[in-house]
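Chain by chain, the residues run as shown.
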Amino acid sequence: MNQQQYYDKYKRNKEAKKFYNSAAWRKCREYVLKRDNYLCQRCLRKGILRAADVVHHKEHLQDNPAKALNPENLESLCNACHNEEHPEKGKKAKEEKKPRKVRVIKSEANPLIT
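These numbers were taken from a predicted model, which means no experiment stands behind them.

(A) Geometry of the nonpolar core. In this structure, Ala 16, Phe 19, Trp 25, Cys 28, Val 32, Leu 33, Ala 52, Val 55, Leu 61, Ala 68 and Leu 74 together form the largest nonpolar core, which totals 11 residues. Broken down by secondary-structure element, the contributors of at least two residues to this core are helix H2 (14-20) and helix H3 (23-35). Top element by residues in this core is H3. It accounts for 4 residues. Among all residues touching Val 32, those that are not within four sequence positions of it are Val 55, Pro 71, Leu 74, Glu 75 and Ser 76. Membership of the second largest hydrophobic core comes to 5 residues, among which are Cys 40, Leu 77, Cys 78 and Cys 81.

Printed below as a string of structure tokens:
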């Protein structure tokens, strides 16, 4: 299971999942990707040409649902830039890492053999 599938299955709320599966969102998403020439806008501002994989809500969907389909609130991003925008959607392992235990053995030289 990749990172996106994990997020969709376990973390994304049901209403948002329903929205992202709607025909209206798919049509709007395609419009924004075409408008942005399928290029990551954040990378482009840095002078880097990179293909966009994601359409990002500048104002989050749950914070402002009225702007959910407003192209002015949307921009095309590559996965790396989108992950920087949403660190909370990152790998679960980052949150669950346990500190590593290290066994230390103290030794001394044998005083009889010198």
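(B) Spatial organisation of the packing of aromatic side chains. As enumerated under the stated definition, the model contains 3 aromatic pairs in all. When the ring of Phe 19 is compared with that of Tyr 20, the centres are 5.1 Å apart and the planes differ by 70°; the resulting orientation is edge-to-face. Ring centres of Tyr 20 and Trp 25 lie 5.3 Å apart, and the angle between their planes is 85°; on these two criteria the pair is classed as edge-to-face. Chaining the aromatic ring pairs together yields one cluster made of Phe 19, Tyr 20 and Trp 25.

(C) Structural view of the environment of Lys 27. Within the secondary structure, Lys 27 sits in helix H3. Measuring from C-alpha to C-alpha, the distance between Lys 27 and Leu 69 comes to 9.5 Å, with 42 residues separating the pair along the chain.

(D) Up close: the pairing of strand E1 (residues 54-57). Across the two faces of E1 the burial is the same, with Val 54 and His 56 and Val 55 and His 57 all buried. Here 4 bridges tie E1 to strand E2 (residues 74-77), and the two strands are oriented antiparallel to one another. Its bridge partner being in E2, His 56 is matched across the sheet by Glu 75.

(E) Broad picture of H3. The terminal C-alpha atoms of H3, which comprises 13 residues, lie 18 Å apart, in line with the 18 Å expected from a rise of 1.5 Å per residue. Among all positions of H3, only Trp 25, Cys 28, Val 32 and Leu 33 are buried. Viewed end-on, H3 has its buried residues packed into an arc of 135°, placing them on one side of the element. For H3, exposure combined with an orientation more than 90 degrees from the buried face picks out Ala 23, Lys 27 and Lys 34. Looking at the buried residues of H3, the elements they touch are H2, E1 and E2. Positive phi appears at Asn 37, one or two residues downstream of H3, with a value of about 55°.

Conventions used here
Residues numbered from 1 in each chain as written. Predicted model: local features only at pLDDT ≥ 70, side-chain atom pairs only at ≥ 80, totals over all residues. Heavy atoms only, no water. Core = buried A, V, L, I, M, F, W, Y, C linked by side-chain atoms within 4.5 Å. Buried < 20%, exposed > 50% of the residue type's maximum accessible area, 1.4 Å probe, protein only. Helix = DSSP H or I, 4+ residues; strand = E, 2+ residues; numbered from the N terminus. Contact = heavy atoms within 4.5 Å. Phe/Tyr/Trp six-rings, centres within 6.5 Å; stacked < 30°, edge-to-face > 60°. Pairing = 2+ DSSP bridges. Expected span 1.5 Å × (residues − 1). Arc of directions from axis to C-beta.

The values reported here are purely geometric and, on their own, carry no functional implication.
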